[in-house]
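# Report on the structure
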Amino acid sequence: MNELEKKIQDTIWAAKSLFERGKTAGSSANISFRHEDRVYISGSGTCFGRLRPEDFSVTDMEGNLIQGLRPSKELPLHLALYRKSEDIGGVVHTHSFYTTLWSCLHHENPDDIIPHITPYLEMKVGKIALVPYAPPGSKELFAHMDERIGRGDGFVLKNHGPIIGGKTIMDAFYGIEELEESAKMAWYLRKESDDVYDRIGK
């Protein structure tokens, strides 16, 4: 198995794992990896639960289609992360429940919206920044992402969902999993007490 085949295999595995455990539904999510000077992203309308090697679009770093299906309309979000750092080799975007729920709240500090309840989110991703709402796939949303790209290590689109990059697709997968668990803990702790973060040392 060559390097490209391994990346495709890992990406399909990560997508299927997310789908089978209810972290995404239908055709709402998108996933990509970088190989050399190309981006391989799940095609428009594809489902994480049924993703196959032929379901990827291949584009250049400017988003121009080279081969395959029409790319997800949210390709520019992925490209923003690849432009952010040459170290980013994989990106996952889902509409996972607790992270999306958390994104609907008001946050005093949009540059750091997830409480540091455990050390693991910071270890796996870093600081999570909020991207202002705009309709999915819109130029306005992509502009917001570009404006916010330097403010965090991972991102949550307001009233929409998380998008995380990693050195590999598996690193991005681990990061988005940790983000969802952190958002879940934050949500339940918030329900317990308004000052819970003071009590746990936030």
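Residues numbered from 1 in each chain as written. Predicted model: local features only at pLDDT ≥ 70, side-chain atom pairs only at ≥ 80, totals over all residues. Heavy atoms only, no water.

Moving on, we get to the overall build of the chain. Counting its secondary structure elements, the chain contains seven helices and eight strands. For the chain, whose C-alpha radius of gyration is 16 Å, the value lies close to the compact-globule estimate of 17 Å for 202 residues. By residue count, 52% of the 202 residues in the chain fall in the buried class. Taking the intrachain contacts of the chain between residues at least 6 apart in sequence as the baseline, contacts between residues at least 24 apart amount to 61%. For the chain, the exposed surface amounts to about 10,100 Å²; the carbon and sulfur share of it is 49%. Taking the 25 positively charged and 30 negatively charged side chains of the chain as two groups, their mean positions are separated by 3 Å. (Helix = DSSP H or I, 4+ residues; strand = E, 2+ residues; numbered from the N terminus. Rg over C-alpha atoms; globule rule 2.2 N^0.38 Å. Buried < 20%, exposed > 50% of the residue type's maximum accessible area, 1.4 Å probe, protein only. Contact = heavy atoms within 4.5 Å. Areas by Shrake-Rupley, 256 points an atom, 1.4 Å probe, with all protein chains shown as cover. Lys, Arg positive; Asp, Glu negative; His and termini not counted. Charge placed at Lys NZ, Arg CZ, Asp CG, Glu CD.)

Moving on to the sheet that holds strand 7 (residues 154-157). Pairing is mixed across the open sheet formed by eight strands, whose spatial order is 4-3-2-1-5-8-7-6. Looking along the sheet, the strands with just one partner apiece sit at the ends: strand 4 (65-68) and strand 6 (128-131). The average undirected angle you get between the axes of adjacent strands in this sheet is 20°. The sheet contact formed by strand 1 (residues 30-35) and strand 5 (residues 90-93) spans four bridges and is antiparallel. For S32, the partnering residue across the bridge sits in strand 5 and is V91. Lying over the sheet, helix 2 (residues 75-84) contacts strand 1, strand 2 (38-42), strand 3 (56-59), strand 5, strand 7 and strand 8 (161-166), oriented at roughly 40° with respect to strand 1. Together, strand 6, strand 7 and strand 8 form the strand contacts of helix 5 (residues 139-148), whose direction differs from that of strand 6 by roughly 145°. (Pairing = 2+ DSSP bridges. Axes fitted to C-alpha atoms, helices over the stretch in contact; angles between N-to-C directions.)

Here L81 is to be found in helix 2. Residue contacts for L81: discarding those within four places in its chain leaves I88, V91, M145, I149, F155, I163, I164 and G165.

This paragraph deals with the layout of surface pockets. In this structure, the second largest pocket occupies an estimated 290 Å³ of space. As for the second largest pocket, its lining consists of 14 residues, and the residues nearest its centre are K124, V125, G165, G166 and K167. Contributions of two or more residues to the lining of the second largest pocket are made by strand 8 and helix 6 (169-192). Each residue belonging to the lining of the second largest pocket can be placed in one class, and the counts come to four nonpolar, four polar and six charged. (1 Å grid on protein atoms, 1.4 Å probe; cavity = no way out; pocket = protein on both sides within 12 Å on 5 of 7 lines; lining within 4 Å. Points joined across faces, edges and corners; volume = space filled by probe spheres on them. Nonpolar A, V, L, I, M, F, W, Y, C, P; charged D, E, K, R; others polar.)

Moving on to helix 1 (residues 3-20). Here helix 1 is 18 residues long and its end C-alpha atoms lie 26 Å apart, about the 26 Å a rise of 1.5 Å per residue gives. Burial in helix 1 covers these residues: I8, D10, T11, I12, A14, A15, S17 and L18. Here helix 1 starts with a cap whose side-chain oxygen sits 3.2 Å from the backbone nitrogen of L4, and that cap is N2. Residue G22 follows helix 1 closely and has a positive phi angle near 75°. (Expected span 1.5 Å × (residues − 1). Polar contact = N/O pair within 3.5 Å; in protein donor to acceptor, adjacent residues only side chain to side chain.)

As a further point, take unusual backbone geometry. The residue E36 is not glycine, and still its phi comes out positive at about 55°. Here E36 lies in the loop between strand 1 and strand 2. Not every positive phi belongs to a glycine, and N159 is a case in point at roughly 55°. Secondary-structure assignment places N159 in the loop between strand 7 and strand 8. Note on N159: relative accessible area 42%, which makes it partly exposed.

Moving on: the packing of aromatic side chains. The geometry of an aromatic ring pair comes down to the distance between the two centres and the angle between the two planes. Taken as a whole and judged by the stated rule, the model has six aromatic pairs. Seen in terms of ring centroids, F97 and Y98 are 5.0 Å apart; in terms of plane orientation they differ by 90°. Their pairing is edge-to-face. Its relative accessible area of 54% is what places F97 among the exposed residues. Members of the aromatic cluster, joined through ring pairs, are W13, F173 and Y174. (Phe/Tyr/Trp six-rings, centres within 6.5 Å; stacked < 30°, edge-to-face > 60°.)

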